[in-house]
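Listed here are the chains, written in short residue letters.
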Amino acid sequence: QVQLVESGGGLVQPGGSLRLSCEASGTVFGSKIMSWYRQTPGEQRERVATIDRSHRTDYADSVKGRFTISRDNAKNTVYLQMNSLKPEDTAVYSCYVDLLDGTGTYKGYWGRGTQVTVSS
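*Asks:* Kindly report on the overall build of the protein, identifying the contributing residues and their values.
*Replies:* Scanning the protein from N- to C-terminus turns up zero helices and 11 strands. Secondary structure elements of the protein, listed N to C terminal, follow the sequence β-β-β-β-β-β-β-β-β-β-β. The globule rule puts the C-alpha radius of gyration for 120 residues at 14 Å, and the 14 Å found for the protein is close to it. Judged by the C-alpha coordinates and their principal axes, the protein covers about 45 × 25 × 25 Å. Relative to its full complement of 120 residues, the protein shows a buried share of 40%. The long-range fraction of contacts in the protein, counting pairs at least 24 apart against all pairs at least 6 apart in sequence, stands at 53%. Split by element, the accessible area of the protein, about 6500 Å² in all, is 45% carbon and sulfur. Across the protein, the mean location of the 14 positive side-chain charges is 3 Å away from that of the 12 negative side-chain charges.

Rules of the game
Residues numbered from 1 in each chain as written. Predicted model: local features only at pLDDT ≥ 70, side-chain atom pairs only at ≥ 80, totals over all residues. Heavy atoms only, no water. Helix = DSSP H or I, 4+ residues; strand = E, 2+ residues; numbered from the N terminus. Rg over C-alpha atoms; globule rule 2.2 N^0.38 Å. Buried < 20%, exposed > 50% of the residue type's maximum accessible area, 1.4 Å probe, protein only. Contact = heavy atoms within 4.5 Å. Areas by Shrake-Rupley, 256 points an atom, 1.4 Å probe, with all protein chains shown as cover. Lys, Arg positive; Asp, Glu negative; His and termini not counted. Charge placed at Lys NZ, Arg CZ, Asp CG, Glu CD.

Remember, this is a structural readout, not a statement about activity or role.
In structure tokens, the structure reads:
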């Protein structure tokens with residue numbers, strides 16, 4: 001019943017911006033840690049950014065100063081604002097969220113991923 005709906009991926013030019021969204025729907029009552037990951041073919045999945053309930057954030061060195069993660073607790077949604085995009089940012093971006101379900105326990109969920117392509 002729980003699913004993550006991602007949006008915002010697409011093709012952008014170097015130096016451009018893109019905003020990704022990931023909304024949890026279904027029987028969801030809250031979340032603790034919300035993260036964005038990215039992966040390119042043949043490479044290990046990389047954690048891009050993480051935000052907790054207190055809005056404390058952590059970023060990969062490769063995106064510090066360019067990406068901003070945020071969350072809307074009322075909507076169970078996590079965002080990733082990506083500025084000054086570079087071709088090396090090209091990847092499939094996926095969200096990961098631990099969600100409080102109807103059983104009173106937290107479970108981790110992955111989004112299906114959205115393609116971000118940075119090219120001129």
